[in-house]
Amino acid sequence: MTDVRTDVLIVGAGPTGLVLAADLARRGVPALLVERAQELFPGSRGKGLQPRTQEVFHDLGVLDAIRAAGTEYPKMRVWEGAEPGQEWDMVKRSEPTDQVPYANVWLIPQAATQRVLYDRLRELGGEVRFGAALAGLEQDGSGVTARFEDGSTVRAAYLVAADGGRSTVRRALGIGMTGETVDPKPMLVADVRVTADAPVPDTHWHVWPKAPGGGVAFCPLPSDKGRLFQLAAQFTDESAGTDTSAEAVVGLLAARTPLAPEHIDEVVWASGFRARAAMADRFRSDRVFLAGDAAHVHSPAGGQGLNTSVQDAYNLSWKLAAVLSGAPARLLDTYEEERMPVAADILGISTRIHRAGRDGAPVQRGEEVQQLGIGYRDAALTRETREGLADGALRAGDRAPDGHVGGIRLFDAFRGPHWTLLTFDAAAPEAAGGPESGTGLDAGTFDGILELRTLRLPGCAAYGSGAFLVRPDGYVAWAGESAEGLRAYLTGLLTADPA
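The following refers to the structure shown. For clarity, every value in this text was computed on a predicted model and none was experimentally measured.

**What about the nonpolar core?**
Formed by 112 residues in total, the largest nonpolar core has its most connected members in Leu-9, Phe-57, Tyr-463, Leu-469 and Leu-490. Tallying contributions element by element places helix H7 (residues 305-324) first for this core, with ten residues. By size, the runner-up hydrophobic cluster in this structure holds 23 residues, among which are Val-194, Val-216, Val-249 and Leu-252.

**Some details on H7**
Under the 1.5 Å per step criterion, the end-to-end length of H7 is 29 Å for 20 residues, consistent within 8% with the ideal 28 Å. Of all 20 residues in H7, 19 are buried, a share of seventy percent or more. At the C-terminal side of H7, Gly-326 shows a positive phi close to 125°.

**Looking at the layout of surface pockets**
Reported here for the second largest pocket is a volume of approximately 480 Å³. Along the walls of the second largest pocket sit 19 residues, with Pro-42, Ala-111, Ala-112, Arg-115 and Lys-225 positioned nearest its centre. Of all the elements in the fold, those that place two or more residues in the lining of the second largest pocket are helix H4 (110-123) and strand E12 (177-194). Per element, the largest residue contribution to the lining of the second largest pocket is three residues, and it comes from H4. Class assignment for the residues of the lining of the second largest pocket results in ten nonpolar, three polar and six charged.

**A short note on unusual backbone geometry**
Located in the positive-phi region is Asp-286, a residue other than glycine, with phi close to 55°. Structurally, Asp-286 is set in the loop between strand E17 (284-285) and strand E18 (288-290).

**Here we look at the environment of Gly-176**
Mapped onto the fold, Gly-176 is located in the loop between helix H5 (168-173) and E12. In this structure Gly-176 comes out as partly exposed when scored by relative accessible area, which is 28%. For the pair Gly-176 and Ala-280, spaced 104 residues apart in sequence, the C-alpha separation works out to 5.7 Å. Excluding anything up to four places from it in sequence, Gly-176 contacts Met-279, Ala-280 and Asp-281.

**Here we look at the sheet that holds strand E27 (residues 476-480)**
Taking strand neighbours across the sheet as the criterion, the six strands line up as E20-E27-E26-E23-E25-E24 in an open arrangement whose pairing is mixed. The open sheet is flanked by strand E20 (383-384) and strand E24 (444-446), the only strands paired with a single partner. Relative to strand E25 (residues 450-457), strand E23 (residues 419-424) is paired through six bridges, and the arrangement is parallel. Of the residues in E25, the one forming a bridge with Thr-423 is Arg-456.

**Some words on the sheet that holds strand E3 (residues 48-49)**
Pairing between the strands of a sheet comes from backbone hydrogen bonds, and it takes one of two forms, parallel or antiparallel. If you walk across this open sheet you meet the three strands as E3-E7-E4, and the pairing is antiparallel. Two strands bound the open sheet, and with one partner strand each, they are E3 and strand E4 (71-72). Sheet analysis places E4 next to strand E7 (residues 106-107), joined by two bridges and oriented antiparallel. Bridge pairing in E7 links Glu-72 to Trp-106.

**Considering the side chain of Lys-47**
Counting through the fold element by element, Lys-47 comes out in the loop between strand E2 (31-35) and E3. At 8.4 Å, Asp-191 is the nearest oppositely charged side chain to Lys-47, a buried residue that forms no salt bridge. Of the polar contacts made by the side chain of Lys-47, one reaches the side chain of Gln-230; its length is 2.8 Å. Excluding anything up to four places from it in sequence, Lys-47 contacts Tyr-73, Trp-106, Leu-107, Ile-108, Pro-109, Gln-110, Trp-205, Cys-219, Leu-221 and Gln-230.

**Observations concerning the pairing of strand E5 (residues 75-80)**
Where a strand is regular, its side chains alternate between the two sheet faces. Where E5 lies against strand E13 (residues 204-208), four bridges are found, and the strand directions are parallel. Across the sheet, Lys-75 pairs through a bridge with His-204, a residue of E13. Where E5 meets strand E6 (residues 83-88), four bridges bridge the pair, whose relative direction is antiparallel. If you follow Arg-77 over to E6, its bridge partner there is Glu-87. Between E5 and E6, which pair antiparallel and follow one another directly, the connecting turn spans two residues, one of which, Gly-81, has a positive phi of 65°.

**Digging into the pattern of salt bridges**
Between side chains of opposite charge, pairing is possible as soon as their charged atoms come close. Applying the stated criterion across every chain yields a total of 25 salt bridges. The partner of Arg-77 in a salt bridge is Glu-87, and the shortest N-O contact between them spans 2.9 Å. Taken as a pair, Arg-77 in strand E5 and Glu-87 in strand E6 lie far apart in primary sequence, ten residues in all. In the salt-bridge network here, residues are joined through shared partners; they are Asp-23, Arg-26, Arg-27 and Asp-59.

**Comments concerning the pairing of strand E14 (residues 216-221)**
Counting buried residues in E14 gives six out of six residues, a clear majority hidden from the surface. Going residue by residue along E14, you find Val-216, Phe-218 and Pro-220 tucked away on one face and Ala-217, Cys-219 and Leu-221 tucked away on the opposite face as well. As judged from the three bridges shared by E13 and E14, these two strands associate in the antiparallel manner. Residue pairing across strands places Trp-208 opposite Val-216, the latter belonging to E14. Judged from the six bridges that link them, E14 and strand E15 (residues 227-234) form a sheet pairing that is antiparallel. Residue Phe-218 lies in a different strand from E15, and its bridge partner there is Leu-231. The hairpin turn running from E14 into E15, its antiparallel successor, is five residues long, and Gly-226 in that turn takes a positive phi close to 85°.

Calculation rules
- Residues numbered from 1 in each chain as written.
- Predicted model: local features only at pLDDT ≥ 70, side-chain atom pairs only at ≥ 80, totals over all residues.
- Heavy atoms only, no water.
- Core = buried A, V, L, I, M, F, W, Y, C linked by side-chain atoms within 4.5 Å.
- Buried < 20%, exposed > 50% of the residue type's maximum accessible area, 1.4 Å probe, protein only.
- Helix = DSSP H or I, 4+ residues; strand = E, 2+ residues; numbered from the N terminus.
- Expected span 1.5 Å × (residues − 1).
- 1 Å grid on protein atoms, 1.4 Å probe; cavity = no way out; pocket = protein on both sides within 12 Å on 5 of 7 lines; lining within 4 Å.
- Points joined across faces, edges and corners; volume = space filled by probe spheres on them.
- Nonpolar A, V, L, I, M, F, W, Y, C, P; charged D, E, K, R; others polar.
- Contact = heavy atoms within 4.5 Å.
- Pairing = 2+ DSSP bridges.
- Lys, Arg positive; Asp, Glu negative; His and termini not counted.
- Salt bridge = Lys/Arg side-chain N within 4 Å of Asp/Glu carboxyl O.
- Polar contact = N/O pair within 3.5 Å; in protein donor to acceptor, adjacent residues only side chain to side chain.

Below, the structure is given as structure tokens:
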């Protein structure tokens, strides 16, 4: 890699970095995504996509590929040795609705998710520079200079650390992580291919909570290359080492489950860890931002880590693009303001679920893990101008629901890098675009910085009447009885503070 210049340098090509790079690419923002490893991560670590993440992937244009590469979660089956026992749903199942079209978590190995995102990035004209190990960085008032171990440098206006829980960028900045050990017992996770006659049907997620040496879970994974399972094993001995060699993984399965060595075709990937919950003391240092595991690390319980990371990237991408297009730099302050409280809450959810189930007790996951209730009602960007709203009414700061209104699907109207102004009028016969009466707000580019699309729609139960400005990441930024006052909001958003 020769010395280069770019608007945004993204360090780490996991789900966080790939989502950020793809979203910037579709906004036309020059960005460079670099990865220390020689290839994408090969394992299943984050294997569940929550409903809110699926909505993001719909917007990014990858959901069809994600759905094709995954499946619904199977039922759990508890075993005692070779004897199967109780069956139950770990994840509470819900029926899709017009407002929540993706109601259930989707099972897909992290490697497959990353491959879909990587293909989308390349389709949008982006690429990943593999084998690029960061050695250090310096920043000044106009940008960041990153130095790599091969001696090359990259100069960028902004840098985003998406390089995982042991983030090189975070350490270089001297930003601490505050947290706790969720469980002192070590764990091992691995992807294992088994033979056709292995005594574990693909129809269930198999659990041996009382296995000698520690509980084992064995989850079938969608794969086009034979029977693939994710192994998650805990060790009752807190001082135990986690040998990740293929021989050790095969031996563990043989000792704790009915699987014999001859049932194992391949150990694809393995890793050891201790469950920990921690959050960076801050998510920003001047022109450098922390996202994903670089900002917060979770217990795997509840399937929150990858999903929270995707939301980080989606929150940050449109703000970077807006500032690089001329919006005031203070817009970037809202990334940390909005995402730190969310990360703290989700860390608490993951920790509670982990501790509730560490003795092998069945713990069903419900709405608290779906991330549909996350919002920014109290954030600086949020303006709710209506009064006397009923309990349960949609408010500024909430997720903008889907729906079919006036012959259009709202999520399809939102899809893309633009803002969307929805004006609901029960007397309107059908959906229409065009200027909003009395506001001068036309579909197009507002002040040459943000793209705005407007729709006048019939009444909608999920929204009620009034006007709703939907941010590019799918949250209601502003709401009013009509669109009056919205121009002032947008002007304030895009006006720099006086020097």
